Amino acid sequence: MAFYGDVSPGEVFRPSAALSNDIRHLLNGLNGFGGNPFCANGAGTVRIQAYNATGGEIKAGTAVNFDDSKKMSGDAVPMKTFTDPKKPWGVVTQKLAENEAGDCFISGPVAVAVSGSGDYAQPTAGNPSVFTRGAEGAPVLWASGGKGLVNLGAGTPENYDGPFAISYDAEKKQLKVKAGYLTRNGEFLSIPEKEIEPKTGTLCVKSELDGGEWSEPEIVFETPSQFRYPIGHVKKTGDGDKMSVAVCSYRVPVAVILASKICSEEND
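Only a predicted model underlies this, so the values are computations on that prediction, with no experimental measurement involved.

Caption draft 1: Seen up close, the sheet that holds strand S21 (residues 255-257). Here we have three strands laid out as an open sheet, ordered S13-S12-S21, and mixed in their pairing. Strand pairing shows two members of the sheet lacking a second neighbour, strand S13 (187-191) and S21, which therefore form its edges. Adjacent strand axes in the sheet meet at a mean angle of 20 degrees, parallel and antiparallel pairs treated alike. Note that strand S12 (residues 180-184) and S21 share three bridges and pair parallel. Note on S21: the bridge partner recorded for Leu-182 is Ala-255.

Have a look at this one:
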């Protein structure tokens, strides 16, 4: 926000659109979208000045990334449309026209639109104005009727990123299982990455021995057994726009399948 000097007694008063807009933005920021900076319980809130470098309007409650290809404008950092949750991002708390500057929250409680269910929520590139609830993102402090209060910057549970790591792509509505390794009776194999339709159940690496021949390894939802090695669990709730998917990877460096048989001994 700009600096505005005091008005002296007797001075002709001239209304200022810039002053009026900045006051509106300040009040809007205090009314539901962010923590109150004048209260002690807002001490954990961190916001920065950022300007809209997207080329279009940004709506209040929209997630944004920051644009390294653009220069700062005074103290305002350039921001762009949200595309990557793994890069620094924040939430704009007021409607901003092209090149307009305003508050962008990067830490603390912020009210946003939410869908699905789960203890965490994050935006998607396809819909940065609605946070999808699940197992990743910012902790959800409260949610009801499509609105939620999320705590930016509080972090998420430690994410496993090794062999057979399971993640959910909210854009494609598909599970992604990273490549991993399988050993079956000592034969060491590499299992390629796979996308799979989400549902509730246990994901396993499956390879069966039949007639002395091994079946092609595959990643499937099935009950763990001798020829189905568990690599993680998935919980799906709801459908369509209200679908939420929570995943748990079992941190499996190598899936192990062993086939053995008790042989009979005949005495002469």
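Caption draft 2: Quick peek at the pairing of strand S9 (residues 147-152). Residues Gly-148, Val-150 and Leu-152 of S9 are buried on one face, while the alternating residues Lys-147, Leu-149 and Asn-151, pointing to the opposite face, are not. Relative to S9, strand S5 (residues 101-115) runs antiparallel, the two being bridged by six bridges. Bridge pairing in S9 links Ala-113 to Lys-147. Here strand S8 (residues 138-144) runs beside S9; their pairing, made up of four bridges, is antiparallel. Bridging from a neighbouring strand, Val-140 pairs with Val-150 of S9.

Caption draft 3: Summary view of the nonpolar core. Grouped together as the largest cluster of nonpolar side chains are 21 residues, with contacts concentrated most on Phe-164, Leu-175, Val-177, Leu-182, Leu-203, Ile-219 and Ile-231. Looking at this core, the elements with two or more residues in it are strand S10 (166-169), strand S11 (174-177), S13, strand S15 (201-206), strand S18 (218-221), strand S19 (228-237) and S21. In contact with Leu-182, other than residues within four places in its own chain, are Glu-187, Phe-188, Leu-189, Ile-191, Val-205, Ser-207, Pro-217, Val-254, Ala-255, Val-256 and Ile-257.

Caption draft 4: Examining the pairing of strand S3 (residues 77-81) more closely. Looking at chain direction, strand S1 (residues 46-52) and S3 are connected through three bridges and run parallel. Bridging across to S3, Asn-52 finds its partner in Met-79. Relative to S3, strand S2 (residues 62-66) runs antiparallel, the two being bridged by three bridges. Pairing of Val-64 across the sheet is with Thr-81, part of S3.

Caption draft 5: Just the sheet that holds S15, in detail. Taking strand neighbours across the sheet as the criterion, the four strands line up as S18-S15-S19-S20 in an open arrangement whose pairing is antiparallel. Every interior strand has two partners, whereas the edge strands, S18 and strand S20 (244-249), have only one. Between one strand and the next, the sheet's axes are offset by a mean angle of 25 degrees, whatever the strand orientation. Pairing geometry for S15 and S19, over six bridges, is antiparallel. Of the residues in S19, the one forming a bridge with Gly-201 is Val-234.

Caption draft 6: Representation of the confidence of the model for the chain within the structure. For the chain, the mean per-residue pLDDT works out to 85, and 86% of the residues sit at or above 70. Taken together, the stretch residues 30-43 has pLDDT below 50 and engages in 22 contacts with residues farther than four places along the chain or on a different chain.

Caption draft 7: The arrangement of the environment of Thr-54 in detail. Along the polypeptide, Thr-54 turns up in the loop between S1 and S2. Along the backbone, Thr-54 and Pro-78 are 24 residues apart, and their C-alpha atoms lie at a distance of 8.7 Å. Not counting residues up to four positions away in its chain, the partners in contact with Thr-54 are Met-79, Lys-80 and Thr-81. Within the local environment of Thr-54, its side chain forms a polar contact with the side chain of Asn-52, the two groups lying 2.6 Å apart. At 3.0 Å, the side chain of Thr-54 and the backbone oxygen of Gly-56 are in polar contact.

Caption draft 8: Main features of the pattern of salt bridges. One pass over the full model with this rule turns up 10 salt bridges. Lys-176 is the salt-bridge partner of Asp-169, the closest N and O atoms lying 3.6 Å from each other. For Asp-169, a relative accessible area of 17% puts it in the buried group. Among the charged side chains, a network of salt bridges with common partners joins Lys-206, Glu-208, Glu-222 and Arg-228.

Caption draft 9: Layout of the environment of Gly-108. Tracing the backbone through its elements, the reader meets Gly-108 in strand S5. Distance in space between the C-alpha atoms of Gly-108 and Ala-154 is 7.7 Å, their sequence separation being 46 residues.

Cut-offs applied
Residues numbered from 1 in each chain as written. Predicted model: local features only at pLDDT ≥ 70, side-chain atom pairs only at ≥ 80, totals over all residues. Heavy atoms only, no water. Pairing = 2+ DSSP bridges. Helix = DSSP H or I, 4+ residues; strand = E, 2+ residues; numbered from the N terminus. Axes fitted to C-alpha atoms, helices over the stretch in contact; angles between N-to-C directions. Buried < 20%, exposed > 50% of the residue type's maximum accessible area, 1.4 Å probe, protein only. Core = buried A, V, L, I, M, F, W, Y, C linked by side-chain atoms within 4.5 Å. Contact = heavy atoms within 4.5 Å. pLDDT = per-residue confidence, 0-100. Polar contact = N/O pair within 3.5 Å; in protein donor to acceptor, adjacent residues only side chain to side chain. Salt bridge = Lys/Arg side-chain N within 4 Å of Asp/Glu carboxyl O.

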